[in-house]
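# Descriptive analysis of the structure
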Amino acid sequence: EPEVTQTPSHQVTQMGQEVILRCVPISNHLYFYWYRQILGQKVEFLVSFYNNEISEKSEIFDDQFSVERPDGSNFTLKIRSTKLEDSAMYFCASAGLAGTREFFGPGTRLTVL
Amino acid sequence: AQRVTQPEKLLSVFKGAPVELKCNYSYSGSPELFWYVQYSRQRLQLLLRHISRESIKGFTADLNKGETSFHLKKPFAQEEDSAMYYCALSSTQGGSEKLVFGKGTKLTVNP
């Protein structure tokens, strides 16, 4: 079965630095998502992306966050100036059609020091 | 407001015992409910969705609109069922379809 991949698996950064989390969705999927999970808390929706634009973003997804699909295969999440509270597991997901199951990547653990 | 509640953070049973993981939801519309499972060091995987009405790995879940519940059940738990279980609903409020998750229940099946 095809899988969503994410790199890196673990990213450590200093507060204030920019990070880019990378995802390769399943190749024929059209809908892309980022979720995050702070340690001990629930998985939270960040942003959805369809047709090369953001469909919806949550309150968490402020101006420090951006997403991009630069080359038709990668789907990236950029955090411009990381804060301590951005430390979390970040999951990428993709879906073929609206209303179909979302396939999740393995996650990137971001640690902000 | 859309919300998924999993009241049990931890659940521990013995092998062969029945198990029920509780999930309640709040959603102003016709909900679509899912159970996702995350085994140790693995990714979130879809276990089952209510519209499929299927049984996966012996697990079933019935949507009860009256009680706004979608509890996950298995009559005889196995050690390999030990994992984190997340109940989620698919929400279109806000403009796009996305998943709203509960906090998860860690199931431990003891030998």
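Fair warning: this is a prediction, and the values are worked out from it, not measured in the lab. (Residues numbered from 1 in each chain as written. Chains lettered and ligands numbered in written order. Predicted model: local features only at pLDDT ≥ 70, side-chain atom pairs only at ≥ 80, totals over all residues. Heavy atoms only, no water.)

With the rule as written, the count across this model stands at seven salt bridges over all chains. Linking Arg43(B) and Glu3(A) is a salt bridge whose minimum nitrogen-to-oxygen distance equals 3.5 Å. Separated into two different chains, Arg43(B) in the loop between strand E5 (32-38) and strand E6 (45-49) and Glu3(A) in the segment before strand E1 (5-7) make up a pair that spans both. Classification of Arg43(B) as buried rests on a relative accessible area of 18%. Here Asp81(B) and Lys74(B) are joined by a salt bridge, their closest N and O atoms 2.8 Å apart. Summarising the burial analysis for this pair, Asp81(B) and Lys74(B) share the class buried. Residues joined in a network through salt bridges with shared partners are Glu20(B), Lys22(B) and Lys73(B). (Salt bridge = Lys/Arg side-chain N within 4 Å of Asp/Glu carboxyl O. Helix = DSSP H or I, 4+ residues; strand = E, 2+ residues; numbered from the N terminus. Buried < 20%, exposed > 50% of the residue type's maximum accessible area, 1.4 Å probe, protein only.)

The next subject is the interface of chain B and chain A. Across the boundary between the two partners, chain B contributes 18 residues, which contact 20 residues of chain A. Here chain B meets chain A over a buried area of about 1700 Å², counting both sides, of which 52% is carbon and sulfur. In terms of surface lost to chain A, no three residues of chain B exceed Arg43(B), Glu97(B) and Phe101(B), which account for 34% of the buried area on that side. Where chain B meets chain A, there are two salt bridges. The closest approach of N and O atoms between Lys98(B) and Glu56(A), which form a salt bridge, is 2.8 Å. Where chain B meets chain A, there are eight residue pairs in polar contact (both at pLDDT 80 or more). Of all the secondary structure elements, the ones that give two or more residues to the side of chain B that touches chain A are E5, E6 and strand E10 (98-101) of chain B. Its residues placed into classes, the side of chain B that touches chain A shows six nonpolar, six polar and six charged. (Contact = heavy atoms within 4.5 Å. Buried area = accessible area lost by both parts, 1.4 Å probe. Polar contact = N/O pair within 3.5 Å; in protein donor to acceptor, adjacent residues only side chain to side chain. Nonpolar A, V, L, I, M, F, W, Y, C, P; charged D, E, K, R; others polar.)

Let us look at the packing of aromatic side chains. For the structure on display, the rule yields 16 aromatic pairs over all chains. Pairing Phe34(B) with Tyr36(B) gives two aromatic rings, centres 6.2 Å apart and planes at 40°, and the pair type is tilted. An aromatic cluster of three or more residues is present, and its members are Tyr33(A), Tyr35(A), Phe45(A), Phe91(A), Phe104(A), Phe34(B), Tyr36(B), Tyr86(B) and Phe101(B). Directly above the ring of Phe45(A) sits Lys98(B), whose terminal nitrogen or CZ lies 5.5 Å from the centroid. (Phe/Tyr/Trp six-rings, centres within 6.5 Å; stacked < 30°, edge-to-face > 60°. Lys NZ or Arg CZ within 6 Å of the ring centre and 35° of its normal.)

Residues and elements named next belong to chain A. The buried fraction of strand E9 (residues 88-95) amounts to eight of the eight residues, a majority that puts the element mostly inside the structure. Residues Ala 88, Tyr 90, Cys 92 and Ser 94 point to one face of E9 and Met 89, Phe 91, Ala 93 and Ala 95 to the other, with burial holding for every one of them. The pairing of strand E4 (residues 31-37) with E9 spans seven bridges and is classified as antiparallel. Considered in E9, the bridge of Tyr 31 is made with Ala 95. Direction of pairing for E9 relative to strand E10 (residues 103-104): antiparallel, over a ladder of two bridges. Residue pairing for E10: Ser 94 is matched across the bridge by Phe 103. (Pairing = 2+ DSSP bridges.)

All names here are of chain A. Taken in spatial order, the four strands line up as E1-E3-E8-E7 in an open sheet, and their pairing is antiparallel. Two strands bound the open sheet, and with one partner strand each, they are E1 and strand E7 (65-68). Strand-to-strand twist across the sheet, computed as the mean angle between neighbouring axes with direction ignored, equals 20°. (Axes fitted to C-alpha atoms, helices over the stretch in contact; angles between N-to-C directions.)

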